[in-house]
Amino acid sequence: MGWYVYRYQEAGYTGWKNDNNHYQYYINGKKTINDWVQYGGVWYHFNGVGDMQTGWYMVGSKWYYSDASGAMQTGWQFIDNYWYHLGEKGDMTEGWILSNKLWYYLDAGTGRMHQGWLSDAGTWYYLAIPDGHMVTGVQIIDGKSYNFDSSGKCLNPYV
């Protein structure tokens, strides 16, 4: 084990280290701590002790998600039975988002794709179940007819 410790800390070593299933990355003999590394076209984040992060984690004030391999994820992700959207830089999306010409709403704080009725600044919207896109036009919801304008605003909300 002493040889490995020496090797990873020697000046100039750049590469991965597996320390009891805690993956670390060294650059010029220095462990990456609280920082990102791009390796093989994939981004990885390392925490305050230099371990590669997986699952949900916060960097600054933003949430990120890396799969079991540590690869930072982007785009639509189905995680623990919920849909999330992660931006081009991997940060969790909140609020309204236009995706594939459809509008979606990601709940503040959790980032989960909203489904069903949504009141936003006093305006009612309906986000389809199960795919979560904002509806427009005439819709039958729970046996009642509702009218939605082209911006998704419900013109006859039942509250």
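For the structure, see preceding data.
Computed from a predicted model, the values in this text were never measured in an experiment. For every chain, the first residue of the written sequence is number 1, and numbering continues from 1 along that sequence. With pLDDT at 70 or above as the cut-off, local features in this predicted model cover only qualifying residues; side-chain atom pairs require 80 or more to be listed or tallied, and sums for whole chains, interfaces and linings still use all residues. With hydrogens and water stripped out, all remaining heavy atoms of the structure feed into the side-chain values.

Colleague: I'm lost on the pairing of strand E10 (residues 95–99) in this one. Help?
Modeller: Consecutive residues of a regular strand have side chains that alternate between opposite faces of the sheet. As paired strands, E10 and strand E11 (residues 102–106) are joined by five bridges and run antiparallel to one another. When the sheet's bridge partners are listed, Trp 96 is paired in E11 with Tyr 105. In sequence, E10 turns back onto E11 through a hairpin of two residues, with Asn 100 there showing a positive phi of about 50 degrees. By this definition, two strands are paired if DSSP reports at least two bridges between them. Runs of E in the DSSP output that reach at least two residues are strands. Runs of H or I that reach at least four are helices, and both are numbered from the N terminus.

Colleague: Hey, could you run me through the side chain of Gln 53 in this one?
Modeller: Secondary-structure assignment places Gln 53 in the loop between strand E5 (42–46) and strand E6 (55–59). A distance of 2.6 Å separates polar atoms of two side chains, one belonging to Gln 53 and the other to His 45. Working rule for contacts: check all heavy atoms of both residues, and any pair within 4.5 Å makes them a contact. In this structure, Gln 53 is in contact with His 45, Phe 46, Asn 47, Ser 66 and Gly 70, ignoring residues within four places of it in sequence. Polar contacts, as counted here, are pairs of nitrogen or oxygen atoms within 3.5 Å of one another; within protein the pair requires one atom able to donate a hydrogen and one able to accept it, and residues that are adjacent in sequence qualify only if both atoms are side-chain atoms.

Colleague: Explain the nonpolar core to me, please; I cannot follow it from the model alone.
Modeller: Soluble, globular proteins show a tendency: their nonpolar side chains are buried together. Tyr 126, Ala 128, Val 135, Ile 141, Tyr 146, Phe 148 and Cys 154 form the largest nonpolar core, which has seven residues in total. Ignoring anything within four residues of it in the chain, the contact list for Val 135 reads Tyr 126, Ala 128, Phe 148 and Gly 152. Here, the term nonpolar core denotes a set of buried Ala, Val, Leu, Ile, Met, Phe, Trp, Tyr and Cys residues that are joined through side-chain atoms within 4.5 Å. Partly exposed describes any residue whose relative accessible area lies between the buried limit of under 20% and the exposed limit of over 50%, with all areas from a 1.4 Å probe on protein chains only and scaled to the type maximum.

Colleague: Teacher, can you tell me more about unusual backbone geometry here?
Modeller: Peptide bonds are, in most cases, trans, and in most cases residues other than glycine have a negative phi. With an omega of 10 degrees, the peptide bond between Ile 129 and Pro 130 qualifies as cis. The phi dihedral of Asn 81 is positive, around 70 degrees, even though this residue is not glycine. Positive phi is not limited to glycine here, since Asp 142 has a value of about 50 degrees.

Colleague: Quick question: what am I supposed to make of the environment of Tyr 125 here?
Modeller: Looking at where Tyr 125 falls in the secondary structure, it is placed in strand E13 (residues 123–127). Put simply, Tyr 125 and Asp 149 are 24 residues apart on the chain and 9.8 Å apart in space, counted from C-alpha to C-alpha. The residues touching Tyr 125, leaving out its near neighbours within four places in the chain, are Trp 96, Gly 116, Trp 117, Leu 118, Asp 120, Met 134, Phe 148, Ser 151, Gly 152 and Lys 153.

Colleague: Help me understand the packing of aromatic side chains in this model?
Modeller: The relative placement of two aromatic rings is captured by the distance of their centres and the angle of their planes. Note on ring pairs: Phe, Tyr and Trp rings are taken, using the six-membered ring of Trp, and paired if centres are within 6.5 Å. Classes follow the plane angle, with under 30 degrees stacked, over 60 edge-to-face and the rest tilted. Counted under the stated rule, the structure contains 21 aromatic pairs. A ring pair is formed by Trp 16 and Phe 46, whose centres lie 5.8 Å apart and whose planes are at 45 degrees; its orientation type is tilted. Here Phe 46 lies in strand E5 and Trp 16 lies in strand E1 (residues 15–19), a separation of 30 residues in the sequence. In textbook terms, an aromatic cluster arises when at least three aromatic residues are bridged by ring pairs, as seen for Trp 16, Tyr 25, Tyr 39, Tyr 44 and Phe 46.

Colleague: It is not clear to me how the pattern of salt bridges should be interpreted in this structure. Could you clarify?
Modeller: Opposite charge on two side chains makes pairing possible when the charged atoms of those side chains draw close. The salt bridge definition used is simple: a Lys or Arg side-chain nitrogen within 4 Å of an Asp or Glu carboxyl oxygen. On inspection of all chains with the given rule, the structure shows one salt bridge. With a shortest N-O distance of 3.9 Å, Asp 91 and Lys 62 are connected by a salt bridge. One end of the pair, Asp 91, is in the loop between strand E9 (82–86) and E10; the other, Lys 62, is in strand E7 (residues 62–66), with 29 residues separating them in the sequence. By relative accessible area, which is 42% here, Lys 62 ends up partly exposed.

Colleague: How should the pairing of E1 be read in this particular structure?
Modeller: The pairing of E1 with strand E2 (residues 22–27) spans five bridges and is antiparallel. Its bridge partner being in E2, Asp 19 is matched across the sheet by His 22. Following E1, the chain reverses through two residues before pairing antiparallel with E2; Asn 20 in that reversal takes a positive phi of roughly 55 degrees.

Keep in mind these numbers describe shape, not what the thing actually does.
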